[in-house]
Amino acid sequence: MDACLNLTYKELKHLRDVKMTALQLNAAKKQLIGQIGVASDNNENNALDMAKSFLHYNKFDSPEALFHRIESLTAEGLLEVANEMFAEEMLSTLIYR
Amino acid sequence: MHYNQHTLPNGLRIIHAPSLSKVAYCGYAVDAGTRDEQENEQGMAHFVEHLSFKGTEKRKAWHIINRMENVGGDLNAYTNKEETVIYSAFLTEHFPRAVELLTDIVFHSTFPQREIDKEVEVVIDEIKLYDDTPSELIFDDFEDLIFKNHPLGRNILGKPEQLRNFTTADVLNFTSRYYHPTNMVFFVLGNLDFKKVVRLVEKSMHDVLFSEYKTIRNSPPAYIPEHLVVPKDTNQAHVMIGGRGYDAYSEKRTALYFLNNILGGPGMNSKLNVSLRERKALVYSVESNLTSYTDTGVFCIYLEPILKMWMLV
């Protein structure tokens, strides 16, 4: 259990401390865009996503708009978000044992 | 994606995405979920979803379930913290049938007490099943920890003792608060003429009048991290790590979504899967998730550690 927790915190720390290289960033963008593209081949999910988005935000972004936002991400911006979201002192834990 | 939209005089928003498929999907999405229940209504949003198929002013439950099934279609629904969706999948030619049925279900359900009494037991069985599935239960319990003392932390299914007290009047009280045309959208994805879509939806709603209503929500209080160990009589340990995330409107949400995918997304090459499972064989599974609500969010990592034999001695 402790080994699991330690390795998890180590990965979070790495995302907080180390800026992604251009190569890593491009590879991760390519993977996520590909995953979204594959998932978009499900019309039922597309209909439900559209409904939810229109219900709450009165708009529905195309996958292309999301791809553009992903392409615009920078290593500096990601580091900032990782430090905001993955700070160890701000994380809760729940364990069933 | 190209889509068409229109608002009816009664305030209902209609959204249509054209598709070339022979199969179409349509339904109502209502801006009402678990977080919109009052203290004594826990489980009501989900319960309404169940009861929607149990009778309207002109149909018995049997007629409802057969209406789309008879033409090879199906009826489906789900509830979450912020919305309830009731929808159908069918061959495009049966769109008029689907619209008429869904409008009847959403606006003219009667929620008979005899059906409530039967359905309560079905939901309580669902709760028991859920309690026996710690790998799912822990996600709800974690949200309870992150949104402590706020309706967002509540379990969608509710509590058996409250469910058993629900009456027709209670259910109607809930739907009369939230089931207004201005508080929902009608969505369609299919190879349909949009003018025909609008005409048929409007026709089906001829007796549903305009009533101004928009769900208003209170945001959860400030977040204080907590660490909790819960003894469970299971062979398997389950672990959640995480905290508050960005709301769905946040400009930083895409960055967190991206980081989440790198860390514990569905790919087997995610950082956590490689580190904990592939390299060290410490877990059966590991994943990270991001849920964004309209005013807040949750980021979490779920681990199923492998307990070595010596730990069990």
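Residues numbered from 1 in each chain as written. Chains lettered and ligands numbered in written order. Predicted model: local features only at pLDDT ≥ 70, side-chain atom pairs only at ≥ 80, totals over all residues.

Some details on the interface of chain A and chain B
For the record, the criterion: Contacts here follow a simple rule: the backbone-placed C-beta atoms of the two residues must lie within 7 Å. To qualify as a helix, a DSSP run of H or I must reach at least 4 residues; to qualify as a strand, a run of E must reach at least 2; elements of each kind are numbered from the N terminus. In this classification, Asp, Glu, Lys and Arg are treated as charged, Ala, Val, Leu, Ile, Met, Phe, Trp, Tyr, Cys and Pro as nonpolar, and every other residue, Gly included, as polar. Strands qualify as paired when DSSP identifies two bridges or more between them.
Taken together, the contacts link 41 residues of chain A with 65 residues of chain B. Only helix H1 (2–17), helix H2 (22–39), helix H3 (43–57), helix H4 (63–71), helix H5 (75–85) and strand E1 (92–96) of chain A provide two or more residues apiece to the side of chain A that touches chain B. Here the element with the most residues in the side of chain A that touches chain B is H3(A); it accounts for 11 residues. Of the residues contributing to the side of chain A that touches chain B, the split by class is 25 nonpolar, 10 polar and 6 charged. Direction of pairing for E1(A) relative to strand E7 (residues 227–230) of chain B: parallel, over a ladder of 4 bridges. Within E7(B), the position partnered with A:Thr93 by the bridge is B:His227.

A closer look at the sheet that holds strand E5 (residues 84–91) of chain B
Defined as follows: What counts as an axis is a line fitted to C-alpha atoms, over the stretch in contact for a helix, and the angles between N-to-C directions run from 0 to 180 degrees.
Across the sheet, which stays open at both edges, the 6 strands sit in the order E1-E2-E6-E3-E5-E4 (chain B) with mixed pairing between neighbours. Unpaired on one side and paired on the other, strand E1 (4–7) and strand E4 (74–79) of chain B mark the two borders of the sheet. Each adjacent strand pair in this sheet contributes to an overall mean axis angle of 15°, direction not counted. Packing against the sheet, H3(A) makes contact with strand E2 (13–18), strand E3 (23–30), E5 and strand E6 (184–190) of chain B, and its axis sits at approximately 150° to E6(B). Relative to E2(B), helix H8 (residues 194–204) of chain B is tilted by about 145°, and along the sheet it contacts E1, E2 and E6 of chain B.

Some words on the sheet that holds strand E10 (residues 297–305) of chain B
Two strands in a sheet stick together by hydrogen bonds in their backbones, pointing the same way (parallel) or opposite ways (antiparallel). The strand order across the open sheet built from 5 strands is E7(B)-E1(A)-E8(B)-E10(B)-E9(B), with neighbouring strands paired in mixed fashion. One side of each edge strand has no neighbouring strand; the edge strands of this open sheet are E7 and strand E9 (283–292) of chain B. On average, adjacent strands in this sheet sit at an angle of 10° to one another, irrespective of strand direction. Pairing of E1(A) with strand E8 (residues 238–245) of chain B involves 5 bridges; the strand directions are antiparallel.

Overview of the packing of helix H1 (residues 44–51) of chain B against helix H4 (residues 113–131) of chain B
Residues and elements named next belong to chain B. Stated formally: With the far helix as reference, a near helix turned anticlockwise by less than a right angle produces a left-handed crossing, and one turned clockwise produces a right-handed crossing.
Interhelical geometry of H1 versus H4 gives an angle of 115° and a closest axis separation of 10 Å. Between H1 and H4 lies a crossing of right-handed hand. Packed against H1, whose contacting residues are Phe47, His50 and Leu51, the element H4 presents Glu115, Ile116, Glu119, Val122 and Val123 at the interface. Among the residues making up the contact of H1 with H4, the classes are represented as 5 nonpolar, 1 polar and 2 charged.

Examining helix H7 (residues 168–178) of chain B
Structurally, the α-helix is built with 3.6 residues per turn, so residues lying three or four positions apart point the same way. All names here are of chain B. For clarity, the cut-off: Each residue is classed by its C-beta neighbour count within 10 Å, where at least 20 other C-beta atoms makes it buried, 12 or fewer makes it exposed, and intermediate counts make it partly exposed; the C-beta atoms are placed from backbone geometry. To obtain the arc, one takes the directions from the helix axis to the C-beta atoms.
For H7, every residue scored as buried is listed here: Val171, Phe174 and Thr175. End-on, the buried residues of H7 take up no more than an arc of 90°, which puts them together on one face. Away from its buried face, by an angle of more than 90 degrees, H7 presents the exposed residues Ala169 and Ser176. Those residues of H7 that are buried are in contact with H1 and H4.

So, the pairing of E6(B)
Residues and elements named next belong to chain B. Among the 7 residues in E6, 7 count as buried, and that is most of the element. Alternating positions in E6 separate into two faces, Met184, Phe186, Val188 and Gly190 on one and Val185, Phe187 and Leu189 on the other, with burial throughout. In terms of strand pairing, E2 meets E6 through 6 bridges, oriented parallel. The residue of E6 that forms the bridge with Ile14 is Phe186. Sheet analysis places E3 next to E6, joined by 6 bridges and oriented antiparallel. In the strand pairing of E6, Tyr28 is matched with Phe186.

Side note on the nonpolar core
Selection rule: Only buried Ala, Val, Leu, Ile, Met, Phe, Trp, Tyr and Cys residues enter a nonpolar core, and they are joined through C-beta atoms within 7 Å.
Core analysis: the biggest nonpolar cluster contains 57 residues, and A:Ala51, B:Cys26, B:Ala29, B:Leu102, B:Val185 and B:Phe187 have the highest contact counts within it. Ranked by the residues each element gives to this core, the list is headed by helix H3 (residues 95–108) of chain B, at 7 residues. With residues up to four places along the chain from it excluded, the contact list for B:Cys26 reads B:Tyr87, B:Ser88, B:Phe95, B:Ala98, B:Val99, B:Leu102, B:Phe187 and B:Val188.

Some thoughts on unusual backbone geometry
Trans peptide bonds make up the majority, and among non-glycine residues the majority have a negative phi. Residue and element names in this part refer to chain B. Positive phi, normally seen in glycine, also occurs at Phe111, with a value near 50°. Non-glycine residue Asn149 carries a positive phi angle of around 60°. Within the secondary structure layout, Asn149 lies in the loop between helix H5 (134–146) and helix H6 (160–163).

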